[in-house]
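# Residue-level structure breakdown
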Amino acid sequence: MEIKSVGIIGSGQMGSGIAHVVTLAGMTARLYDVSEDRTQKGVARVEKGLARQLSSEKISEADRDAALSRLETSTDLSTLKDLDLVIEAATEEETIKRKIFRDVCPHLAPHAILASNTSSISITRLASASDRPERFMGIHFMNPVPVMKLVELVRGIATEEETFEAARTFVAALDKTVTVSEDFPAFIVNRILLPMINEAIYTLYEGVGSVQSIDTAMKLGANHPMGPLQLADFIGLDTCLSIMQVLHDGLADSKYRPCPLLVKYVEAGWLGRKAGRGFYDYRGEEPVPTR
């Protein structure tokens, strides 16, 4: 099965990023969200990303214009009925995702593949909320989608080989590299990355180092392009907490216990860059550590 048209449910940072790479690869992308205001913000993100690529001469003006001509928006799930693939890119909460699948399935074409961009939740469990577990996949893009080359493909227990191969071909058409993960909590990337971030937060919590010293240590001592606390702010502290909770609940190992300081920041609404404050305060001209 060849995928030529893609629906994306959720027009936030991940959803708009997926729409960006899909349209640039020559496919139609229909960006769905619950309000016109949200979809237009998603379109603005795509336009900004394409403008950035144009200014750095990675694409031409013709490429940009063609990509934007293939971008559609909708606030009606029934408009996803004629698409080959629909990817859910909503917030990392299982109850929200399961409701989306229950609501969208009656509108999908029989041949359509349904996928989730979840970064941690069981694909088998999410597939059970759909009417097509054999045509359900985990297609986990990395953030920011236009920049990051990796996509994790995750099969549920019922996923058919034809579905998996169609997803693999789709990802290759986006000029991305596939890594295949078994359906275990947080898959590969976040199974390794988030405990490291959580440990960095424990290091801050226990007073071993300041925000600045921890990030500097990992950037210059381990050659990381971004410090772990800076990265946590970029990901979103609520997302970091959700993934740690999935790991802790799914694997029942105390080493995955979310740091109390991470919980406190989320409770305060200090969710990172998107909220203006996290481990850094972004409200001024330059980010300033909050601890």
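Residues numbered from 1 in each chain as written. Predicted model: local features only at pLDDT ≥ 70, side-chain atom pairs only at ≥ 80, totals over all residues. Heavy atoms only, no water.

### A short note on the overall build of the protein
Which entries qualify depends on this criterion: The secondary structure listing takes helices from DSSP runs of H or I that are at least 4 residues long and strands from runs of E that are at least 2 residues long, numbered from the N terminus. For this measure, only C-alpha atoms enter the radius of gyration; the expected value for a globule follows 2.2 Å times N^0.38, where N is the number of residues. For every residue, the accessible area obtained with a 1.4 Å probe (protein chains only) is divided by the maximum for its type, and the residue is called buried under 20%, exposed over 50%, and partly exposed between those limits. In what follows, a contact means two residues having at least one pair of non-hydrogen atoms within 4.5 Å. A 1.4 Å probe and the Shrake-Rupley method give the accessible areas. Residues count as covered only by the protein chains that appear here.
Counting its regular elements, the protein contains 11 helices and 10 strands. Here the C-alpha atoms of the protein give a radius of gyration of 19 Å, agreeing with the 19 Å that 2.2 N^0.38 yields for 291 residues. Projected onto the principal axes, the alpha-carbon positions of the protein cover approximately 55 × 45 × 35 Å. Going through the 291 residues of the protein one by one, you find that 47% of them count as buried. Partitioning the intrachain contacts of the protein with sequence separation of at least 6 by distance along the chain shows that 66% fall at a separation of at least 24. Working note: accessible area of the protein is about 13600 Å², and carbon and sulfur atoms make up 51% of it.

### Considerations on the pairing of strand β1 (residues 5-9)
Test applied: Two strands qualify as a pair provided that DSSP identifies no fewer than 2 bridges between them. We call a crossover right-handed when, viewed with the strands running away from us, the connection from the first strand over the helix to the second turns clockwise.
A large share of β1 lies buried, amounting to 5 of its 5 residues. Along β1, one buried face is formed by Ser5, Gly7 and Ile9 and the opposite face, lined by Val6 and Ile8, is buried too. The sheet contact formed by β1 and strand β2 (residues 28-32) spans 5 bridges and is parallel. In the sheet register, Ser5 faces β2, and the bridge partner there is Thr28. Regarding topology, helix α1 (residues 13-24) serves as the crossover connection from β1 to the parallel β2, and that connection is right-handed. Sheet topology places β1 next to strand β4 (residues 85-88); 4 bridges connect them, and they run parallel. Among the inter-strand pairings, Val6 is bridged to a residue of β4, identified as Leu85.

### Considering unusual backbone geometry
Cis geometry marks the peptide bond from Asn143 to Pro144; its omega dihedral reads 0°. Positive phi, close to 60°, is recorded for Phe187, a residue that is not glycine. Tracing the backbone shows Phe187 in the loop between β8 (177-181) and α7 (189-205). On the basis of relative accessible area, Phe187 is assigned to the buried category, the value being 4%.

### What about the domain arrangement of the protein?
Heads up, the condition is: Each domain's extent was defined by an automatic or database domain assignment. Take the accessible area each of two parts loses on contact, using a 1.4 Å probe, and add the two losses: that sum is the buried area.
Structurally, the protein comprises domain 1 (5-182) and domain 2 (190-289). The C-alpha-based centres of domain 1 and domain 2 are spaced at 27 Å. Taken together, the contacts link 8 residues of domain 1 with 5 residues of domain 2. Carbon and sulfur atoms supply 56% of the area that domain 1 and domain 2 bury against each other, a total of about 550 Å² over both sides.

### As for α7
Where we set the bar: To estimate how far a helix should extend, the number of its residues minus one is multiplied by 1.5 Å.
For α7, with 17 residues, the first-to-last C-alpha span of 24 Å sits near the 24 Å given by 1.5 Å per residue. The set of residues buried in α7 consists of Asn190, Leu194, Pro195, Ile197, Asn198, Ala200, Ile201, Tyr202 and Leu204. Considering only its buried residues, α7 is in contact with β6 (136-141), α8 (211-221), α9 (228-235), α10 (237-251) and α11 (260-268).

### With respect to the UniProt feature "site: Important for catalytic activity" (unreviewed entry) in the protein
Selection criterion: UniProt positions are given in the numbering used here, feature names are shortened, and annotations may be inferred rather than shown by experiment. Under the rule applied, a polar contact is a pair of N or O atoms within 3.5 Å (in protein, one hydrogen donor and one hydrogen acceptor; residues adjacent in sequence only if both atoms are side-chain atoms).
Under the present numbering, the feature "site: Important for catalytic activity" (unreviewed entry) in UniProt falls on His140. By the element assignment, His140 lies in strand β6. The contact partners of His140, leaving out residues within four places of it in the chain, are Ser116, Asn117, Thr118, Ser119, Leu150, Val151, Glu152, Phe187 and Asn190. A polar contact is formed between the side chain of His140 and the side chain of Glu152, at a distance of 2.7 Å.

### Looking at the packing of α9 against α10
Put simply, the test is: To get an axis, fit a line to the C-alpha atoms, keeping to the stretch in contact for a helix; angles then go from 0 to 180 degrees between the N-to-C directions. Angle categories are assigned with fixed cut-offs, so that under 35 degrees is roughly parallel, over 145 is roughly antiparallel, 65 to 115 is roughly perpendicular, and the rest are oblique. Note on residue classes: Ala, Val, Leu, Ile, Met, Phe, Trp, Tyr, Cys and Pro are nonpolar, Asp, Glu, Lys and Arg are charged, and everything else, Gly too, is polar.
Between α9 and α10, whose axes approach to 6 Å, the crossing angle comes to 100°. Comparing the axis directions of α9 and α10 gives the class roughly perpendicular. Counted together, Ala232, Asp233 and Ile235 of α9 and Leu237, Thr239 and Cys240 of α10 form the full contact between these two elements. For the contact of α9 with α10, the class distribution of residues is 4 nonpolar, 1 polar and 1 charged.

### Points about the packing of aromatic side chains
What counts here: Only the six-membered ring of Trp is used, alongside the rings of Phe and Tyr, when aromatic pairs are assigned; centres must lie within 6.5 Å, and planes under 30 degrees apart are stacked while those over 60 apart are edge-to-face, with the rest tilted. Note on criteria: charge over ring means Lys NZ or Arg CZ within 6 Å of the ring centre, with the direction from the centre no more than 35 degrees off the ring normal.
Scanning all chains against the criterion turns up 5 aromatic pairs. Between Phe101 and Phe136, the ring centres sit 5.0 Å apart and the planes meet at 80°, which makes this aromatic pair edge-to-face. Of this pair, Phe101 sits in helix α4 (residues 94-104) while Phe136 sits in strand β6; the two residues are 35 residues apart in sequence, bridging distant segments of the chain. Taking the relative accessible area as the measure of exposure, Phe136 reaches 0% and is therefore buried. Note on Tyr265 and Trp270: the rings are 5.6 Å apart at their centroids and 90° apart in plane angle, and the pair reads as edge-to-face. When its relative accessible area of 26% is taken as the criterion, Trp270 is described as partly exposed. Its guanidinium or amino end placed over the ring of Phe164, Arg155 lies 3.8 Å from that ring's centre, counting from NZ or CZ.

### Some points on the UniProt feature "domain: 3-hydroxyacyl-CoA dehydrogenase C-terminal" (unreviewed entry) in the protein
Mapped onto the present numbering, the UniProt feature "domain: 3-hydroxyacyl-CoA dehydrogenase C-terminal" (unreviewed entry) falls on residues 187-282. Segment residues 187-282 splits into 62% helix and 2% strand. End C-alpha atoms: 31 Å apart.

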